[in-house]
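Structural overview for review
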Amino acid sequence: FKEDQSYTVFLLPDDSKEMLYVGGHNKLFHIDFTSLNQSREIKFPSFKQECNKDTCKNYITIMYKNNDSLFVCGTNGGAPLCCYMVCEKKQHKIVVMFLALNIYPRDYCRFDYSVYGHGNLHVKFSVYTYVCLVMLHRTKTNLANVLLYIENIQEEQQYVGMTLSRRNGDGFQDKIYAFLREKNLDEHPEADLWISRVIQICRADLGGPKNILQKKWTSILSTRLLCGIPSEKIFFNRLLDVFVLHADDWRQSKVYALFSSRWNATAVCIYMMDEIDRVFTQSNIKGRTQSLPNPRPGTCVSDSTKLNMDVLNIIKDNPEMEDWVKPIDQSAPFMVSHRHYRQIQVDVVKRRANSSHTVLLMSLAEGLKYKVLEANGKPFIISEIYPFKKKTYIQSMILDSAKKKLYVGSSEEVVQIDLQRCDHYGKTCELCVLAQDPYCGWKGDKCTRITESAIQEVHHGNYSKTLQNKAQKRVKEFNQPQTSSNMPNAKSQATVEVTLSTRSYMSCQVQSRNAKYVWRHKENETECQVSNGECLYLIRNVAEENLGEYSCISQENGYEQQVAQYLLTRGGATTVSSRFLVLISVLLASLCF
C-alpha cells in the first residue's frame, strides 16, 4: 500500500481468477495476483461533514458480491455510507448510494461481522458495537430496511463471527449463529473475566406484533460454549476466532473455535453443528421450572408476528439454555498451545473420492503462520510460514479453498500464500512424505502438489511405504547400517580448528519441528539444545577426547538423515568463518537467558 491501512477487510470474487478486493480507508483495492500491473485502486465516495482528524476517514467495513454488483459500506466519518458498484470495462461505477445511519458500524475499531442470505428475503445481518451498545441488525438489500435488534443485552460483548446454516432448501428454517465473548458477571475471585457464547436467530424472523417485541428478534436464544479439560478444571473461556467448515448436510458442519485462557495459553475446540442445534431445540431454558409452550421458543416459523404471548414473553427475557455446547472430544481440546494464536482458517484437501484431510491455518500475533494437520483427531504441525519479511501484525486473513491460496494482510501489504508449494520439504521422497502435508506428494524426482499418482502417506508419515514401489537395490541401501558415508543427505564435512581449554560451538539447522535432533561423536549420542531454529552443541572446555568427527542427525519415524558434519582438530585457527561463530555465540546467549 502507498500508505498504511490501519484496518482492512477482504472479499474474494466468485470467479476463476486469483483476484481479491481489499477494503482500506477512503478506497478499495482490486488486486490481480496473476498480473499485478492490472491491479487498481477504487476511490470510495464520502459525504462532506464536520469530523475530527481521527474519525474523518472513511473505513470500509463491509463488502459483498450481490449478483453482478459489489455491495460496499464504510464508516464515512461517523455517518455510515453504503453503495452498489458495477464493473464496466474494468472500471467500477456507483449505481446506488445511501446513508446507513444506525445500521452499519460508525467506528472501524469496532469489528463488524455479517453474513449474506440469499433467497426471497435477500437479507443482510450485521453485528457491531458502538458506544457500549451491542446490536444485532438485519436490513433488506432493496433499501427497505427491516431493522431488528436485541433487547436487554449484556453491554460488554465482543462478537467474533457469524454464519448462516442453510436447512436443505427450506429458507424459513435457515438459522444464523453468532459467536461472541462477554464479560463474566460472576465476581468470584477464581472466576474467569470472560465467558463465550453462541446465539441463534431464525433468518426469516419478522419480529413480534405491535404490543410486544415489535422490530425485535423473536427467535433469539443463547448458550455457553465449553472448551477445556474438565477433569483438571482447566478451561479456555475467551473466544478469539471461529471458522465454520460447512458440509452438504448441515448437521455434519463443524465449528473450529479458537480460545485463550486467563494465563494466555490458546486452544482449539471443534463442535458439530448438530450438537449446537440439539442444545437449542432440546435443552431446557435455564431457571425455568414450567413446561415450555408450543411452538417451543426459538422455533423458526413463517410469520413470527403471530406467535403466542407465552413464547414472546419467554424470548423477551433473553433466555439462556441450561445445557452448554460441548466439543466433539469432551475430555480435552483438539489442540492446546503456549503460542498466542489469534486467527484460524480451515481447509479440506481431497485426493480421491473417499479420501480427504483437514488442515488448520493459524496465525500468531506477530505474523507467523502455522499449517496444522488434523490427523486421527490429533494436531500435527506440518510447517511454519513466514508471509512477511519482518514481524508484523496480521489484520486480515481469508482462504480461497478452491484455488488453495491463503491471503494475509498487514497494514502495509497483502500477501498470497500458495498452500501447494512443496519444494521446500527437500529433494528426497522420504523427506517429502515425512512432512505429512496433504497438499504435497512425491512424483518423479520432486516433491510437488498432490496428484492421484503421487506418493503420499499423510496420517503417519511412514516413509517405508514409499520404498515399496522402488527398486530392491534401493531398499537394501536403506536397510544397511547408516554411517556418515551412506546416510541420506550426507553433508560435506566442515573442519574446525580449536585451541585446547577453550570453548567451541557447532550448529545445524532444524528442518522439521517433528524430528528429534542429536549430535554423534565417536560412540556417544547427545540430544541437542534448540534455539531460534538451530540445533546447538557446546563444548565448554575443549580437551583431547573432544577432538574428532561430529554429526548432527535428525530422527523422525525411524528415518535418519545427516544435517551437518564437523571435524574438530587441534590448532589455532578455524576454517569456519568468524561471522558464523558470532552467530552461534548469539544463539547460545539467547538460550542461556
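Residue numbers restart at each chain and count upward from 1, following the sequence in its written direction. Thresholds applied to this predicted model are a pLDDT of at least 70 for local features of residues and 80 or more for the giving and counting of side-chain atom pairs; totals over whole chains, interfaces and linings are not thresholded and use all residues. Values shown for side chains rest on all heavy atoms present in the structure; no hydrogens or waters enter the calculation.

1. Describing the side chain of Gln 555
Each helix is a run of H or I in the DSSP string that is no shorter than four residues. Each strand is a run of E no shorter than two, and both are numbered from the N terminus. Mapped onto the elements, Gln 555 comes out in strand β37 (residues 548-556). Pairing of N or O atoms within 3.5 Å defines a polar contact, subject to two protein rules: one partner must be a possible hydrogen donor and the other a possible acceptor, and residues neighboring in sequence count only if both atoms are side-chain atoms. A distance of 3.1 Å separates polar atoms of two side chains, one belonging to Gln 555 and the other to Glu 560. Filtering out sequence-adjacent residues up to four positions away, Gln 555 remains in contact with Ala 515, Lys 516, Val 518, Arg 520, Glu 525 and Glu 560. Two residues form a contact once any of their heavy atoms are found within 4.5 Å.

2. Quick look at the state of the cysteines
The disulfide definition used here is simple: a pair of cysteine sulfur atoms within 2.5 Å. Within this structure, the stated rule accounts for 7 disulfides. A sulfur-sulfur separation of 2.1 Å characterises the disulfide bridge that pairs Cys 432 with Cys 447. Taking the torsion about the S-S bond as the criterion, the Cys 432 to Cys 447 disulfide, at about 65°, is right-handed. Of this pair, Cys 432 sits in helix α3 (residues 429-434) while Cys 447 is found in strand β30 (residues 446-449), placing the two residues 15 residues apart along the sequence. Relative accessibility thresholds used throughout: buried, under 20% of the residue-type maximum; exposed, over 50%; partly exposed, between the two (1.4 Å probe, protein chains only). Judged by relative accessible area, which is 3%, Cys 432 ranks as buried.

3. A look at the packing of aromatic side chains
Centres within 6.5 Å make a pair out of two Phe, Tyr or Trp rings, where for Trp the six-membered ring is used; the pair is then stacked when the planes are under 30 degrees apart, edge-to-face when over 60, and tilted otherwise. Applying the stated criterion across every chain yields a total of 8 aromatic pairs. Relative to Tyr 370, the ring of Tyr 341 has its centre 5.7 Å away and its plane inclined at 85°; by these criteria the two rings are edge-to-face. In this pair, Tyr 341 sits in strand β22 (residues 341-352) while Tyr 370 sits in strand β24 (residues 369-375), placing the two residues 29 residues apart along the sequence. Its relative accessible area of 1% is what places Tyr 341 among the buried residues. Judged by relative accessible area, which is 3%, Tyr 370 ranks as buried. Aromatic pair Trp 519 and Tyr 566: ring centres 6.0 Å apart, planes at 35°, arrangement tilted. Pair noted here: Trp 519 is in strand β33 (residues 516-521) and Tyr 566 is in strand β38 (residues 559-570), with a separation of 47 residues, a long-range link. The buried category is assigned to Tyr 566, whose relative accessible area is 8%. In textbook terms, an aromatic cluster arises when at least three aromatic residues are bridged by ring pairs, as seen for Trp 519, Tyr 537, Tyr 550 and Tyr 566. Across the ring face of Trp 194, the terminal group of Arg 181 is positioned such that the distance to the ring centre comes to 5.8 Å. In this scheme, Lys NZ or Arg CZ marks a charge over a ring once it lies within 6 Å of the ring centre and within 35 degrees of the ring normal.

4. Considering the sheet that holds strand β14 (residues 194-202)
Ordered in space as β12-β13-β14-β15, the 4 strands form an open sheet in which the pairing is antiparallel. Each having just a single partner strand, β12 (157-165) and β15 (221-224) make up the two edges of the open sheet. With strand direction ignored, the average angle separating the axes of adjacent strands in the sheet is 20°. Strand pairing follows a simple DSSP-based rule, namely that at least 2 bridges must link the two strands. As judged from the 9 bridges shared by strand β13 (residues 175-183) and β14, these two strands associate in the antiparallel manner. Looking at the pairing, Tyr 177 lines up with Gln 200 of β14. Interaxial angle, 0 to 180 degrees, is taken between N-to-C directions of lines fitted to C-alpha atoms, where a helix line uses only the stretch in contact. Sitting on the sheet, helix α1 (residues 273-282) is in contact with β12, β13, β14 and β15, with an inclination near 80° to β13.

5. So, helix α2 (residues 309-316)
Those residues of α2 not exposed but buried are Val 311, Leu 312, Ile 314 and Ile 315. Buried residues in α2, looked at end-on, bunch into an arc of 160°, giving them a common side. Where α2 begins, one side-chain oxygen reaches toward the backbone nitrogen of Asp 310, 3.1 Å away; that side chain belongs to Asn 308. Note on α2: the residue one or two positions beyond its end, Asn 318, has a positive phi of about 50°. Throughout, the arc means the angular range of directions from the helix axis out to the C-beta atoms.

6. Section: the layout of surface pockets
For each structure, a 1 Å grid was placed over the protein atoms alone; sets of points admitting a 1.4 Å probe that cannot get out are labelled cavities, open sets with protein on both sides within 12 Å along at least five of seven lines are labelled pockets, and lining residues have an atom within 4 Å of a point. Grid points are joined across faces, edges and corners, and a volume is the space filled by probe spheres set on the points. Its volume calculated, the second largest pocket comes out at about 1,400 Å³. Residue lining of the second largest pocket: 46 residues in total, with Ser 383, Glu 384, Val 510, Gln 511 and Arg 513 positioned closest to the centre. Of all the secondary-structure elements, those providing two or more residues to the lining of the second largest pocket are β24, β25 (378-385), β28 (414-418), α3, β35 (529-531), β37 and β38. When residues of the lining of the second largest pocket are assigned to their parent elements, the largest contribution, 5 residues, is made by β25. Residue composition of the lining of the second largest pocket, grouped by class: 19 nonpolar, 16 polar and 11 charged. Three residue categories are used. Nonpolar comprises Ala, Val, Leu, Ile, Met, Phe, Trp, Tyr, Cys and Pro, charged comprises Asp, Glu, Lys and Arg, and polar comprises the others, including Gly.

7. Some remarks on the nonpolar core
By size, the foremost hydrophobic cluster in this structure holds 43 residues, and its most contacted members are Phe 179, Val 198, Leu 225, Leu 239, Phe 259, Tyr 271 and Ile 276. Only β12, β13, β14, β18 (238-245), β19 (254-260), β20 (266-272), α1 and α2 provide two or more residues apiece to this core. Of all the elements, β13 adds the most residues to this core, at 5 residues. Apart from the residues within four sequence positions on either side, Tyr 271 is in contact with Leu 225, Leu 226, Cys 227, Ser 253, Lys 254, Val 255, Ala 257, Phe 259, Val 325, Lys 326 and Pro 327. In this text, buried Ala, Val, Leu, Ile, Met, Phe, Trp, Tyr and Cys residues form a nonpolar core when linked through side-chain atoms within 4.5 Å.

8. Some details on α1
Among the residues of α1, those classed as buried are Met 273, Ile 276, Asp 277, Val 279 and Phe 280. Taken end-on, α1 shows its buried residues confined to a sector of 155°, consistent with a single buried face.

9. Details of unusual backbone geometry
With an omega of 0°, the peptide bond between Asn 294 and Pro 295 qualifies as cis. As for its position among the elements, Pro 295 is in the loop between α1 and α2. Despite not being glycine, Lys 522 shows a phi value in the positive range, around 60°.

10. Some thoughts on the sheet that holds strand β31 (residues 493-498)
Taken in spatial order, the 5 strands make up an open sheet running β31-β38-β37-β33-β34, and their pairing is mixed. In the strand order of this sheet, the two ends are held by β31 and β34 (524-527), each with one partner. For this sheet the average axis-to-axis angle between neighbouring strands, irrespective of direction, equals 25°. The pairing of β33 with β34 spans 4 bridges and is antiparallel. Following the sheet pairing, His 521 is matched in β34 by Asn 524.

11. Observations regarding the pattern of salt bridges
A side-chain nitrogen of Lys or Arg and a carboxyl oxygen of Asp or Glu constitute a salt bridge if their distance falls within 4 Å. In total, this model carries 21 salt bridges according to the counting rule given. A salt bridge links Asp 437 to Lys 371, with the nearest nitrogen and oxygen atoms 3.0 Å apart. In this pair, Asp 437 is assigned in the loop between α3 and β29 (440-443) and Lys 371 in strand β24, connecting sequence segments 66 residues apart. A residue is classified by how much of its surface remains accessible, and Asp 437, at 2% relative accessible area, is buried. Look at Lys 371 and you get buried, because its relative accessible area is 3%. Salt-bridge contacts for Glu 525 lead to Arg 520; the nearest nitrogen and oxygen are separated by 2.9 Å. Judged by relative accessible area, Glu 525 falls into the partly exposed class, the value being 43%. Judged by its relative accessible area of 22%, Arg 520 falls in the partly exposed class. Among the charged side chains, a salt-bridge network with shared partners connects Glu 18, Lys 405, Asp 418 and Arg 449.

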